[in-house]
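Survey of secondary and tertiary structure
What follows is each chain in one-letter form.
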Amino acid sequence: MGGGGQVTIDLDALALSSGEAARLDVAMRPRAPVVGGEQLAIADEDVQTRVDISRTSSGFALRLRAEAVVSGACARCLGPAELRIAVDAREVDQPSTDDPELRSPYVDEGLLAVDAWLHDAITLALPKQLLCRPDCAGLCDVCGASLNDFEPGEHRHEPALDPRFAKLRELSE
Ligand SMILES: [Zn+2]
Ligand SMILES: [Zn+2]
């Protein structure tokens with residue numbers, strides 16, 4: 001398993017009776033998420049993923065847990081950013097029902113698509129923007145320098161460059 005290919009678990013092959021459960025630990029490399037139009041990367045060689053499968057009277061109750069380090073460009077300063085994501089997702093699949101709420105999109109013909117599920121779970125767990133740190137100061141509007149490289153208020157341009165300051169000066173004269 002792993003290597004970026006599809007990772008599936010054959011639920012029927014587990015031959016669980018109603019009330020029985022199985023736990024599988026799978027290492028895989030899911031497709032990397034896209035957030036806010038930015039393609040991110042998954043830093044881990046392989047993401048260790050734990051899948052719990054419980055047989056119910058009418059189908060399966062599924063749980064997926066994993067931790068992954070996602071990396072990309074900071075949305076404010078464009079510097080490198082990394083975030084550790086923990087996912088804990090659940091699905092129910094009852095093959096005999098017509099209720100779409102009780103069908104899992106990750107189960108098809110008794111095969112659970114673990115990599116697709118993990119990819120979506122990571123995407124859902126991500127914030128709207130990836131930041132290098134929560135208080136990233138971003139880039140200077142005037143010269144594009146990273147304001148993280150300066151003490152707060154230390155990076156300034158001549159007031160004359162900013163028309164708002166010129167106006168203020170006129171008013172105070
Ligand atoms: Zn940043
Ligand atoms: Zn500047």
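Read on for an overview of the structure. The numbering scheme is per chain: residues are counted from 1 as the chain's sequence reads. Chains and ligands are labelled by the order in which they are written, letters from A for the one and numbers from 1 for the other. Where totals are concerned, whole chains, interfaces and linings use all residues; where local detail is concerned, this predicted model gives features only for residues with pLDDT of at least 70, and gives and counts side-chain atom pairs only at 80 or more. Water and hydrogen atoms play no part in the side-chain values, which are based on all heavy atoms of the structure.

1. Quick look at the side chain of serine 71
This is how it is decided: Strands are runs of DSSP state E lasting at least 2 residues, helices are runs of H or I lasting at least 4, and numbering of each runs from the N terminus. Each residue is assigned to one of three classes by its accessible area relative to the maximum for its type, calculated with a 1.4 Å probe on protein chains only: buried under 20%, partly exposed between the two thresholds, exposed over 50%. We call two residues contacting when some pair of their heavy atoms lies within 4.5 Å.
Residue placement: serine 71 occurs in strand β7 (residues 60–73). Since its relative accessible area comes to 18%, serine 71 is described here as buried. Once residues lying within four places of it in the same chain are set aside, the contact partners of serine 71 are Leu40, Ala41, Ala43, Ala81, Glu82 and Leu130.

2. Here's the deal with the coordination of the zinc ion (ligand 2)
Note the cut-off: Only nitrogen, oxygen and sulfur atoms count as donors, using a 2.8 Å cut-off from the metal that widens to 3.2 Å for Na, K and Ca. Water is left out, so coordination shells may look unfilled. Angular criteria define each label, namely tetrahedral for four donors with all angles between 85 and 135 degrees, square planar for four and octahedral for six donors with opposite donors over 155 degrees apart and remaining angles between 65 and 115, and irregular for whatever fails these tests.
Protein coordination of the zinc ion (ligand 2) is provided by Cys140 (SG), Cys143 (SG), His155 (NE2) and His157 (NE2), with donor distances spanning 2.0 to 2.3 Å. Coordination at the zinc ion (ligand 2) is tetrahedral: its 4 donor atoms span angles of 102 to 115 degrees at the metal. Among the residues examined, cysteine 140 registers a relative accessible area of 10% and is labelled buried.

3. Some words on the coordination of the zinc ion (ligand 1)
Around the zinc ion (ligand 1), the donor atoms from the protein are Cys74 (SG), Cys77 (SG), Cys132 (SG) and Cys136 (SG), and they sit 2.2 to 2.4 Å away. Because the angles between the 4 donor atoms bound to the zinc ion (ligand 1) fall within 105 to 114 degrees, the donor set is best described as tetrahedral.

4. Topic: the packing of aromatic side chains
Our working definition: Whether two aromatic rings pair depends on their centres lying within 6.5 Å, for rings of Phe, Tyr and Trp, where Trp uses its six-membered ring; planes under 30 degrees apart make the pair stacked, over 60 edge-to-face, and the rest tilted. Charge-over-ring placement is defined geometrically: NZ (Lys) or CZ (Arg) within 6 Å of the ring centre, and within 35 degrees of the ring normal.
The tally for this structure, following the rule as stated, stands at 1 aromatic pair. Centroid distance tyrosine 106 to tryptophan 117: 5.8 Å. Interplanar angle 15 degrees. Geometry classified as stacked. Placement of tyrosine 106 in the loop between β8 (80–93) and β9 (107–108) and of tryptophan 117 in helix α1 (residues 114–125) is noted, with a sequence separation of 11 residues between them. As far as the burial class goes, tyrosine 106 and tryptophan 117 line up, both buried. Positioned above the aromatic ring of phenylalanine 60, the side-chain terminus of arginine 55 is 4.8 Å from the ring centre.

5. Some words on unusual backbone geometry
One non-glycine residue, leucine 78, lies in positive phi territory at about 65 degrees. Within the secondary structure, leucine 78 sits in the loop between β7 and β8. Even without being a glycine, glutamate 109 presents a positive backbone phi close to 55 degrees. With respect to the element layout, glutamate 109 can be found in the loop between β9 and β10 (111–113). Classification of glutamate 109 by relative accessible area gives exposed; the value is 73%.

6. What to know about the environment of leucine 62
Positionally, leucine 62 belongs in strand β7. Not counting the four nearest positions on each side in its chain, leucine 62 is found in contact with Leu11, Asp52, Ile53, Ala89, Arg90, Glu91, Val107, Leu112 and Trp117.

7. Quick look at the pairing of β7
Where we set the bar: In short, DSSP must find at least two bridges between two strands for them to pair.
As judged from the 2 bridges shared by strand β5 (residues 41–42) and β7, these two strands associate in the antiparallel manner. Paired with alanine 41 across the two strands is serine 71, which belongs to β7. Across 7 bridges, strand β6 (residues 47–55) lies against β7 in antiparallel orientation. Within β7, the residue paired with serine 54 across the bridge is alanine 61. Taking the residues between adjacent antiparallel strands as the criterion, β6 and β7 are bridged by 4 residues.

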